[in-house]
Amino acid sequence: MDAASSIPANTPANSGKSGSGPSDGASPKEMADAIRALTMDAIEAAKNGHPGMPMGMADVATVLFTRFLKFDPARPEWPDRDRFVLSAGHGSMLLYSLLYLTGYADMTLDELRNLRQLGSRTAGHPEYGQATGIETTTGPLGQGLGNAVGMALAERLLAAHFGNKLVDHYTYAIAGDGCLMEGISHEAASLAGHLGLGKLIVLFDDNGISIDGPTTLTVSDDQQARFTAYGWHVQAVDGHDPEAIAAAITAARNATQPSLIACKTIIGLGAPTKAGTSKAHGAALGADEVAGAREKLGWPHAPFVVPDNILGAWRRAGSRGATAATAWEKNLSDSDGKTRAEFQRRIAGELPKGWTEGLAELKRTAISESPKIATRVASQRALEALVPHLPELLGGSADLTGSNNTLVAGQRAVGPGEFAGSYVYYGVREHAMAAAMNGLALHGGVIPYGGTFLVFTDYCRPSIRLAALMHQRVVYVMTHDSIGLGEDGPTHQPVEHLAALRAIPNLNLFRPADTVETAECWEVAITTRDRPSVLALTRQATPNIRQESGENLSAYGGYIMRAADNPRQVTLIASGSEVAIAIAAQTLLAADGIAAVVVSLPCWQLFQAQPAHYRDEVLGLGPLRVGIEAAGAFGWDTWIGPDGAFVGMNGFGASAPAERLYEHFKITPQAVVDAVKARL
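Treat the numbers as computed from the prediction; the structure is a model and nothing was measured.

Turning our eyes to something else, we now look at the overall build of the protein. In terms of helices and strands, the protein carries 26 helices and 21 strands. Against the 2.2 N^0.38 benchmark of 26 Å for 680 residues, the protein shows a C-alpha radius of gyration of 28 Å, consistent with a compact globule. Overall, the C-alpha framework of the protein stretches about 90 × 55 × 45 Å when taken along its three principal axes. Within the protein, contacts between residues separated by at least 24 positions form 78% of all contacts whose residues are at least 6 apart in sequence. For the protein, the computed accessible surface area is about 24300 Å², with 52% contributed by carbon and sulfur atoms. Each charge class in the protein can be summarised by its mean position, and for the 55 positive and 69 negative side chains these summaries are 3 Å apart.

Moving on: the side chain of S210. Here S210 shows up in strand 4 (residues 209-210). Overall, S210 belongs to the buried group, its relative accessible area being 18%. In contact with S210, other than residues within four places in its own chain, are T215, S278 and H281.

Here R381 shows up in helix 15 (residues 375-386). A residue is classified by how much of its surface remains accessible, and R381, at 34% relative accessible area, is partly exposed. In this structure the C-alpha to C-alpha distance between R381 and V408, which are 27 residues apart in sequence, comes to 8.3 Å. Residues in contact with R381, not counting those within four places in the same chain, are L362, P371 and I373.

Attention now goes to the packing of aromatic side chains. In the structure shown here, the tally under the stated rule is 18 aromatic pairs. Taking 5.1 Å as the distance between ring centres and 80° as the angle between the ring planes, the aromatic pair formed by F65 and F84 counts as edge-to-face. Pair noted here: F65 is in helix 2 (residues 52-68) and F84 is in strand 1 (residues 83-86), with a separation of 19 residues, a long-range link. The buried category is assigned to F65, whose relative accessible area is 3%. Judged by centre distance (5.0 Å) and plane angle (85°), the ring pair of F227 and W232 falls under edge-to-face. A network of ring pairs unites the aromatic residues Y556, W604, F607, Y614, W636, W639 and F646 as a single cluster.

Right, let's talk about the pattern of salt bridges for a bit. In the structure shown here, the tally under the stated rule is 29 salt bridges. Its salt-bridge partner being E111, residue R121 comes within 3.8 Å of it at the nearest N-O pair. With R121 in the loop between helix 4 (109-113) and helix 5 (143-162) and E111 in helix 4, the pair connects residues that are 10 residues apart, well separated along the chain. A cluster of three or more residues bridged by salt bridges with shared partners is formed by D481, R502, R511, E578 and E629.

Here we come to the sheet that holds strand 14 (residues 508-510). In space, the 7 strands of this open sheet follow the order 10-11-9-12-13-15-14, with parallel pairing throughout. If you trace the sheet from one side to the other, it starts and ends with strand 10 (413-414) and strand 14, each paired once. Where strand 9 (residues 393-397) lies against strand 11 (residues 423-425), 3 bridges are found, and the strand directions are parallel. When the bridges of strand 11 are listed, S397 appears paired with Y425. Together, strand 12 (447-453) and strand 13 (475-479) form the strand contacts of helix 18 (residues 457-469), whose direction differs from that of strand 13 by roughly 155°.

Next up on the list: unusual backbone geometry. You will see that H471, though not glycine, has its phi angle at about 60°, which is positive. Phi at N506 is positive, roughly 60°, even though this residue is not glycine. Relative to the elements of secondary structure, N506 occurs in the loop between helix 19 (497-502) and strand 14.

We now examine the sheet that holds strand 20 (residues 624-632). Read across the open sheet, the 5 strands follow the order 17-19-18-20-21; overall the sheet is mixed. Lying at the two open borders of the sheet, with one neighbouring strand each, are strand 17 (559-562) and strand 21 (645-649). The average angle at which neighbouring strand axes cross in this sheet is 30°, direction not considered. By the bridge criterion, 5 bridges tie strand 20 to strand 21 in an arrangement that is parallel. Looking at the pairing, I628 lines up with V647 of strand 21.

Each value, and the rule that gives it
- Residues numbered from 1 in each chain as written.
- Predicted model: local features only at pLDDT ≥ 70, side-chain atom pairs only at ≥ 80, totals over all residues.
- Heavy atoms only, no water.
- Helix = DSSP H or I, 4+ residues; strand = E, 2+ residues; numbered from the N terminus.
- Rg over C-alpha atoms; globule rule 2.2 N^0.38 Å.
- Contact = heavy atoms within 4.5 Å.
- Areas by Shrake-Rupley, 256 points an atom, 1.4 Å probe, with all protein chains shown as cover.
- Lys, Arg positive; Asp, Glu negative; His and termini not counted.
- Charge placed at Lys NZ, Arg CZ, Asp CG, Glu CD.
- Buried < 20%, exposed > 50% of the residue type's maximum accessible area, 1.4 Å probe, protein only.
- Phe/Tyr/Trp six-rings, centres within 6.5 Å; stacked < 30°, edge-to-face > 60°.
- Salt bridge = Lys/Arg side-chain N within 4 Å of Asp/Glu carboxyl O.
- Pairing = 2+ DSSP bridges.
- Axes fitted to C-alpha atoms, helices over the stretch in contact; angles between N-to-C directions.

These figures come from the coordinates and say nothing about function on their own.
If you want it as structure tokens, here you go:
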């Protein structure tokens, strides 16, 4: 009996031919060997790559893609498809081979021949957006596992909202020894176990080899016991026994917990002298070894040739999901109009009408009442304006909810088996939170935001970088953004972090000065669909400075906050809490007959994108420029030029009340005045 025959009729195993046996014209071994051969050929053509994992996991992948995975290459964006994540991204040829064999139109033999070449879809590691069927960018080990947790969570959240007829799919991930060594794997697996993400199935390539050699050199963990302790359903199988693999996946699909299947495999299976060794891991096998592998596998075909019967079996496996996709489309069309429209809107990432009205009212109120509040509190008020209008917003914090001000009235907590909420208590798991948010965004239907202290972006940085690389709408609410956090001291006071985040391409870093700017930065972050955003927010209170509520001036990245009464002699450029210092310095300078213009620069990236004439108009071409920011000076030369001055930090902070620290480090209005006078 086929191991998948017990699966309900609406699942992919019964939605068409299984593509799993000789009745389809090819045996499971022949189909797996096609993956091995294409892997060897492509990597040999590129003269570099990672053949070992694809050759070792080919049997597991064949069972998964021919018997279980719900997908349709003709409709690659089908919202209810199963998600497949190759966390061990170095084994990219496994995924590329599968996409070609199952019939994804944009993954051709020519793409395989051009592995790792400029302009090809087949990058060294899978890159989201380069080819359909690549669900996420992987390569930094463990990241894919964190993404998979986010995808599995998104599935449960949307199923709770829209019902199982529209949302009912699994998330599968292949992870290697390296993924499980990385610290993020602990955070991600612990979170998944706590939440009970029963539709997450991780296939562990248990080959016992890493680049340096046998994993016994570096690790003695009992991975199965470890995942059992997390609350996972755990099995171990022979990764080269198709029926055992199929039985394990069936059991995992029936479990109520997330599942780990430890697949004992031989890295580089088929390679006559390198199989089972680190030599198969990260380099082309070489012509002699490839020839020997062809002989050992019984694969006499020329490079990049897959016999018709084997390719036909793979293409039938790829087409078997069409019936399920068509049935799902009928479910969608049969849904009531309101449900259908809302589902389609959220999956498309579109925003509802009127969603900015609350933000506009917040800006008007701030100008009218001029509250002196921390921008983290202003951010909470912005969320209070957004959450009722954007059900796709999923908030959270890494155990700092009360400090980050990320939870608002009306938000329910997501918890074990409880997925109707819109707020996740991520615990002290910053890295997993950031990686899971990437998975949530990639899945679709969710706009995730999550908070921690700005200094802990160090723990989130790999995921933030990947969100930028993948052009994902993820919002990071990072509070306690400077020495202004006070007594917690230099361990918690970010100094270099603004510069480090500004260095990441395609990332918007916002540092708003007051409530009005905070509302505007939130609006830009939600509106911007092709990049993530970091909101760097204060712990200490700041005055409301902006007096215009109409146009979103923060969307320009920088603008004149306060003009001068006389011809400009100096431009004071600041961000965040230091804009108030610039305003005070402007008054002092005016008393001495020096005309200063104050520029607020909440987002360098957006300001850099403005036309040169606009930037020149804002900054002024001739006058002295002074930068003011309670952070390191790195990068400020872009705005102040070689003759400008910088008032900020030149080392780590200290433990003391915020007001005392600003005085101690000479980030004060008088220090600005002194810097100006020293250069005029």
